[in-house]
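The residues making up each chain are set out below.
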Amino acid sequence: MSSQSDETIKRKKDHIEICLSEDVGFSSITTGFENYYFEHNAITEVDFNKVDLTTKFLKKKINYPFLISCMTGGTSEAEKINEHLAIAAKELNIPIGVGSQRQALENDKYISSYKVIRKNAGDVPVLSNIGAAQVSQIKSVEQYRRIVELVNASALVIHVNPLQEMIQTSGEPNFKGLLKNIERLVQRIGIPIIVKEVGSGISKSAAKKILDTGVYGIDVAGAGGTSWAQVELKRNKEENEYFRNWGLPTSYCIRQIKTLKSKYKFSLIASGGISNGIDIAKSIALGADLAASARPLLKIVMNNGVDGIVNEISSWFDDVKKIMYLTGSKNIKELSKQKLINRTELY
Ligand SMILES: Cc1cc2nc3c(=O)[nH]c(=O)nc-3n(C[C@H](O)[C@H](O)[C@H](O)COP(=O)(O)O)c2cc1C
């Protein structure tokens, strides 16, 4: 096995371990959701028991506007995690992403850790995943087809993670040619493409350039949840934490990027620090079509398996349902039109 592949496998293992055992959140930035309040509707005429939480994503009807975010694959620890997450996704009828499939491009050793997702997820949308560093380098569309086929993917996610690549030992902080290669992929791969960050957020001007390539969606993966700079700083045993707090808060990214909806048709996903139903509801009212979560779910799947995930996500959506009733929103479309009041307007 090549030493590069050994390194990829070790990195995947470290990421899981560090995310489970260390404090890798932001220390001076939040998602910003705490600054927004729903407008209570004293005359709601919505029947609580008829609130409709379903929506459509990638042409499929799903039970909740929620996605289990891309996390792992390519290491022995990943197989059980992905199996449990996939069973839960099927039970909840929600989409699920696989972690970076770079390891599968290097050799076949852990392909079952990726395949296990589609094997257990039934026909919910499954998202393939590859990094911007690879997209900048790989010219052959055939290589992408291979990783897409491994999970019979409904879409391909490209993660843009310049901060992580910059801090990571042996990272690849060079995305030259990225936008051109994304555009070529959009034209040739034959499935929708979604571009996501990993916790530093996507600005409006970056989003505009991404949307000009013709992608299906953008996942902001903003600041306030997992700090991938901090994960890599922990791996490097570095003390300087300035970049731990680098990035744009999740709520800010959504508000900025949603203004592009007047010009572009795309799916907007809110992630980065989402771990309850209140923030999911707020992200939809701010303009997202779907919310997503990663590290909070990793912890739950490790401790409580499939039932833990099913119970947690169901309880988040019990809260979304209550908010919809109290704001007079009978479905997700009506929730997306709700006005949020900024804290400064209240007092
Ligand atoms: C253990 C772990 C591994 C991850 N690996 C990937 C990955 O391979 N590809 C990717 O796009 N994002 C990856 N992410 C990033 C998440 O998808 C997400 O964007 C980020 O963690 C912010 O969301 P959170 O605050 O809910 O954790 C990973 C997250 C975790 C917790």
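Heads up: the structure comes first, above all this text.
Residue positions are given per chain, counting from 1 as you read along its sequence in written order. The model is predicted, so local features are restricted to residues of pLDDT at least 70 and side-chain atom pairs to those at 80 or more, both for listing and for counting; the totals for chains, interfaces and linings are taken over all residues.

A. A look at helix H2 (residues 76-92). A rise of 1.5 Å per residue sets the reference length of H2, with its 17 residues, at 24 Å; its end C-alpha atoms lie 26 Å apart and thus fit the reference within 8%. Labels follow a simple rule on C-beta atoms placed from the backbone: if 20 or more others lie within 10 Å of a residue's own, it is buried; if 12 or fewer, it is exposed; otherwise it is partly exposed. Runs of H or I in DSSP of at least four residues are treated as helices and runs of E of at least two as strands, each being numbered from the N terminus. Taken residue by residue, H2 has Ala78, Ile81, Asn82, Glu83, His84, Leu85, Ala86, Ile87, Ala88, Ala89 and Leu92 as its buried positions. Any residue pair is listed as a contact if its two C-beta atoms, each placed from the backbone, are within 7 Å. Its buried side turned inward, H2 meets helix H1 (3-21), strand S4 (66-68), strand S5 (96-97), helix H4 (111-121) and helix H13 (295-327). Positive phi shows up at Asn93, right after H2, with a value of about 55°. Here the expected span of a helix is defined as 1.5 Å times the quantity of residues minus one.

B. Summary view of the site of the ligand. Near residues are defined by distance alone, with the backbone-placed C-beta atom required to lie within 6 Å of the molecule or strand. What surrounds the ligand is a group of 27 residues, the closest being Ser100, His159, Gly225, Thr226 and Arg295. The set of elements that each furnish at least two residues to the shell around the ligand consists of H1, strand S7 (155-159) and H13. Residue type decides the class: Asp, Glu, Lys and Arg count as charged, Ala, Val, Leu, Ile, Met, Phe, Trp, Tyr, Cys and Pro as nonpolar, and the leftover types, Gly among them, as polar. Here the residues of the shell around the ligand sort into eleven nonpolar, 14 polar and two charged.

C. View of the pairing of strand S11 (residues 290-293). Side chains of S11 alternate between two faces, with Leu290 and Ala292 and Ala291 and Ser293 buried alike. Each parallel crossover has a hand, and the one from strand S10 (residues 267-270) via helix H12 (residues 277-286) to S11 is right-handed. If you view a crossover with the strands going away from you and the path from the first strand over the helix to the second runs clockwise, you call it right-handed.

D. The arrangement of the pairing of S7 in detail. Among the five residues in S7, five count as buried, and that is most of the element. Neither face of S7 is exposed, since Ala155, Val157 and His159 on one face and Leu156 and Ile158 on the opposite face are all buried. Think of it this way: DSSP has to see at least two bridges between two strands before they count as a pair. Inspection of the sheet shows strand S6 (residues 126-131) paired to S7 by five bridges, in the parallel sense. Paired with Gly131 across the strands is His159, a residue of S7. Sheet topology places S7 next to strand S8 (residues 193-196); four bridges connect them, and they run parallel. By the bridge assignment, Ile158 is partnered in S8 with Val195.

E. Fine view of the environment of Glu172. Examined against the element boundaries, Glu172 turns out to sit in the loop between helix H7 (162-167) and helix H8 (178-188). For Glu172, a count of 15 C-beta atoms within 10 Å puts it in the partly exposed group. Through-space distance from the C-alpha of Glu172 to that of Gln134 is 8.9 Å; in sequence the pair is 38 residues apart.

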